[in-house]
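# Structural overview for review
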Protein chains: 2
Amino acid sequence: MATLGAQHKHKVTVVGSGNWGTTMSKLVAENVKENPTLFEETVQMWVYEEDVVIPKESRHYDAGSETANKPQKLSHLINTIHENVKYLPNITLPPNVVANPDVVDSVKDSTILIFVLPHQFIPRVCDQLIGKTMPWARAICCTKGVDVGEKGIRLMSEAIGMRLNIYCGALSGANIASEIAQEKYSETTIAYDPPPMDSRNPTPKGSPTSSQVDLISPSKTVPSARSARLKALPSEYPPLSHENVRKLFHRPYFHVRMVSDVAGVSLGGALKNIIALAAGFVDGLGWGDNAKAAVMRVGILEMVRFGKAFFADSVKTSTFTEESCGVADVVTSCMGGRNFRCAKMAIERGETIFEIEQKELNGQKLQGTSTAYEVNSFLKSQGMEKDFPLFTAVYNILEGNVKPEQIPELIEPKQ
Amino acid sequence: MATLGAQHKHKVTVVGSGNWGTTMSKLVAENVKENPTLFEETVQMWVYEEDVVIPKESRHYDAGSETANKPQKLSHLINTIHENVKYLPNITLPPNVVANPDVVDSVKDSTILIFVLPHQFIPRVCDQLIGKTMPWARAICCTKGVDVGEKGIRLMSEAIGMRLNIYCGALSGANIASEIAQEKYSETTIAYDPPPMDSRNPTPKGSPTSSQVDLISPSKTVPSARSARLKALPSEYPPLSHENVRKLFHRPYFHVRMVSDVAGVSLGGALKNIIALAAGFVDGLGWGDNAKAAVMRVGILEMVRFGKAFFADSVKTSTFTEESCGVADVVTSCMGGRNFRCAKMAIERGETIFEIEQKELNGQKLQGTSTAYEVNSFLKSQGMEKDFPLFTAVYNILEGNVKPEQIPELIEPKQ
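Residues numbered from 1 in each chain as written. Chains lettered and ligands numbered in written order. Predicted model: local features only at pLDDT ≥ 70, side-chain atom pairs only at ≥ 80, totals over all residues. Heavy atoms only, no water.

## A few points about the environment of Ser172 of chain B
Residue and element names in this part refer to chain B. The condition is simple: Each helix corresponds to a stretch of at least 4 residues labelled H or I by DSSP, and each strand to a stretch of at least 2 residues labelled E; elements are numbered beginning at the N terminus. Exposed residues in this analysis have more than 50% of their type's maximum accessible area, buried residues have under 20%, and partly exposed residues fall in between, with area computed by a 1.4 Å probe over protein chains only.
By the secondary structure assignment, Ser172 is in strand 10 (residues 167–172). Residue Ser172 is classed as buried on the basis of its relative accessible area of 3%. Along the backbone, Ser172 and Leu27 are 145 residues apart, and their C-alpha atoms lie at a distance of 15 Å.

Below you can see the structure in the form of structure tokens.
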């Protein structure tokens, strides 16, 4: 048994309590309960505190009660009625999920931190946690996407890991949160591959401050230099092997495959949104299922090429072609995701996608459009636009430089 | 130039004139016209002759003409109005497609034979052609599927090639014929990998008769023994390289990728129908897009495993995970194909799929159900049912041994 001789258990904190964060808390709480030798029973969930009125349509609404129609603290509500009425209504949470509005307190003594925050909140929340997490804590980042700029590409997991000076893996897959919350069957991919770490005591001083954390330029990452600063898990804890990490996430309705390719898993979740736009364009033209499948296939191969070009040492082809975070997430996103639907609508109505964003999303930007621009700016800086004809075509369609009808000629392989 | 010094051109015959065969004739005829140094201008299309009355809704229907409402020969109609009004209405064929009701005459002098026949007609049509084809002719099989029995697996291309003692490759992809006939963008995969051949004259006597052609048992194929009997293309012809074969099929709206994995391409077109049934089952349960994508992903990996197990030397993983004949065809089939739709309907109505076949398809069998039974019978004979949990689950659902709701637990990886 992996846990023989272990004296401590792992304490788990979910940092985030939106739709996806609450879903994660639910399934992780179910698993810690089933694995009492590995994990402490209580799962902390950090809640960005807000005042919430129980909606009239909620099963928890009681017109006669003294709190009816009165704002209550979200964390208090979650801890009393065991439901996140605002972000995951109608799903009962296990009582061992404990909402905590204090982010620093929520990670106290935790050895496993699961980050499920909106992209833009990651830096500021992590900054609050610098020096407050256990030195040997491990993190898993469940936020999809990467930061792409002209200077380079930064994975969310790296942004977290470097700020907190801990190892951070990534979870991504064909994962529509509401379906998983309802325990409908799905799969996911977890990339977890900690480097060798320093096992000496005491823990090293001087965690980096956020100002020291720079963008990672391709081929500039030096994991060995970093890993020397990471602190090994003391032997009193059960090891955080693939097997034990999987036990924290795998459910009968949520099948987990463990891999070691953090960059691939992270890139998949970002680049699929560009593909979903392309699929929406050809579907909007009424070109049928052959064309949609073709664009998806070409897109998956551009994902592979992108990973190999910019993360040569770490990315595996199979992460994109065989795992949930690759091919399956592309399929789900191109069947009915928001990027797909808005792109299709733009073509059908003869409007730009920016007009659709204004009208249908109250001006909110689609992830696909911003990723398409970021990736194009990066490819331009590398002189590699031509090596990614589909990603480049999507950018040029958004810019009005080419028409969606030109996709086949633009992506036609030269032989 | 590949054609330097060549004195002969390749003559092309399409054997078959249904929906897909007529579409193939159209696109091949467009290409021979554009490559006059490689190919003769006329494309022969063998037509199974029948009497056809031009339908009233056809643009060729002329109430005042003396042929109105009178049966005419299908081949005559195609050669005069340049449309297959019965099997591909409203699509104009290039005038260099020549319909020929005599199958033996249609292949005379042809060096390229494109087989596009319904599965069940292949043996009897090929039997008529034994000894009648050019000894150095090459074939491409566009019929999807494989013959699977307890004794082994026979690829359609092998059934053709062994009967006629010629080399036969395979074409398969996310290819709904009507969309391609309308020149909507799609892709395909062509597997073409002729072995070294005998270049001595005269041509070897004694082609095998059909009774000599046995099922190929896995790991029993001896291509070297066979290839010694195959006749090399005389040097007066342009070589039938990947480049030249691609020129015969690739169109601006029909992108071709050439590979060498005939077994993989053929298996993809057969096994995807089992996956489409599984996708229909989970969609019928209302499980959403995560579940559907998961089943597709697991299915693609079982395709890979099947190919590796039974065609170890020839099958490549990437054929399934990266080519149109693999991942893209699975996507198309699981978005709206017949197998998917009938499986979904069965679950929604609480009926068996056999009742759906009776009611919706006039008792016609779905390809997916027969393939699921054939593959299961073969896997049982090899003692390998457990290695293919999704294929086995589909069979057991069809048999009523398990419920569709059990799919997640049945395919759950043991770790």
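Picking up after the structure, the text goes on.
## Topic: the environment of His76 of chain A
All names here are of chain A. Structurally, His76 can be placed in helix 2 (residues 74–81). You can call His76 partly exposed: its relative accessible area is 42%. His76 sits 22 residues away from Val98 along the chain, and the two C-alpha atoms are 9.6 Å apart.

## A short note on the interface of chain A and chain B
Short version of the rule: Residues count as neighbours in contact if any of their non-hydrogen atoms are within 4.5 Å of one another. Buried area, as used here, totals the accessible surface that two parts lose on assembly, with accessibility defined by a 1.4 Å probe and the loss added over both. For salt bridges, the criterion is a side-chain nitrogen of Lys or Arg within 4 Å of an Asp or Glu carboxyl oxygen. Polar contacts here mean pairs of N or O atoms no more than 3.5 Å apart (in protein, one a potential hydrogen donor and the other a potential acceptor; neighbouring residues in sequence count only if both atoms are side-chain atoms). Residues are grouped as follows: nonpolar covers Ala, Val, Leu, Ile, Met, Phe, Trp, Tyr, Cys and Pro; charged covers Asp, Glu, Lys and Arg; every other residue, Gly included, is treated as polar.
Contacts between the two partners involve 45 residues from chain A and, on the opposite side, 45 residues from chain B. Here chain A packs against chain B, burying approximately 3,900 Å² in sum over the two surfaces, 58% of which is carbon and sulfur. Of all residues in chain A, Tyr185, Asn290 and Arg297 of chain A give up the largest surface area on contact with chain B, accounting jointly for 21% of the area buried on that side. The tally of links between chain A and chain B comes to 2 salt bridges. Counting across the interface, chain A meets chain B through 18 residue pairs in polar contact (both at pLDDT 80 or more). Elements supplying a minimum of two residues to the side of chain A that touches chain B: helix 6 (177–181), strand 11 (186–191), strand 12 (254–259), helix 10 (288–310), helix 11 (317–322), helix 12 (324–336) and helix 17 (407–411) of chain A. Looking at the side of chain A that touches chain B element by element, the count peaks at 12 residues for helix 10 of chain A. Along the lines of polarity and charge, the residues of the side of chain A that touches chain B split into 21 nonpolar, 13 polar and 11 charged.

## With respect to the UniProt feature "domain: Glycerol-3-phosphate dehydrogenase NAD-dependent C-terminal" (unreviewed entry) in chain A
Put simply, the test is: UniProt positions are given in the numbering used here, feature names are shortened, and annotations may be inferred rather than shown by experiment.
Here, UniProt's "domain: Glycerol-3-phosphate dehydrogenase NAD-dependent C-terminal" (unreviewed entry) annotation points to residues 261–408 of chain A. Structurally, residues 261–408 of chain A comprises 76% helix and 0% strand, and the distance from its first C-alpha atom to its last is 32 Å.

## Examining the relation of the copies chain A and chain B
Definition in use: Copies overlap after least-squares fitting; the atoms used are the C-alpha atoms of residues with pLDDT of at least 70 in both.
The two copies are related by a screw operation: chain A maps onto chain B through 180° of rotation and 0.0 Å of translation along the axis, at an RMSD of 0.0 Å. What we have between these two chains is a two-fold relation. Scanning chain A for the C-alpha nearest the rotation axis identifies Thr321 of chain A, at a separation of 2.8 Å. Taken as a fraction of all interface residues of chain A, those also at the interface in chain B reach 100%, which identifies the copy contact as same-surface.

## Quick look at the sheet that holds strand 10 of chain B
Residues and elements named next belong to chain B. Just so we agree on the cut-off: For two strands to count as paired, DSSP must find a minimum of two bridges between them. Lines fitted to C-alpha atoms define the axes, with helix axes restricted to the stretch in contact, and inter-axis angles between N-to-C directions lie between 0 and 180 degrees.
Here 8 strands make up an open sheet; going across it, the order is 5-2-1-6-7-10-11-12 and the pairing mixed. Looking at which strands have only one partner, the edges of the open sheet turn out to be strand 5 (97–100) and strand 12 (254–259). Neighbour-to-neighbour, the strand axes of this sheet turn through a mean angle of 25°, independent of strand direction. As defined by bridge partners, strand 1 (residues 10–15) adjoins strand 6 (residues 112–115) across 4 bridges and the pair is classed as parallel. Its bridge partner lying in strand 6, Thr13 is registered against Leu113. On the sheet, helix 8 (residues 242–249) packs against strand 1, strand 2 (39–46), strand 6, strand 7 (138–141), strand 10, strand 11 (186–191) and strand 12 and is oriented at approximately 155° with respect to strand 12.

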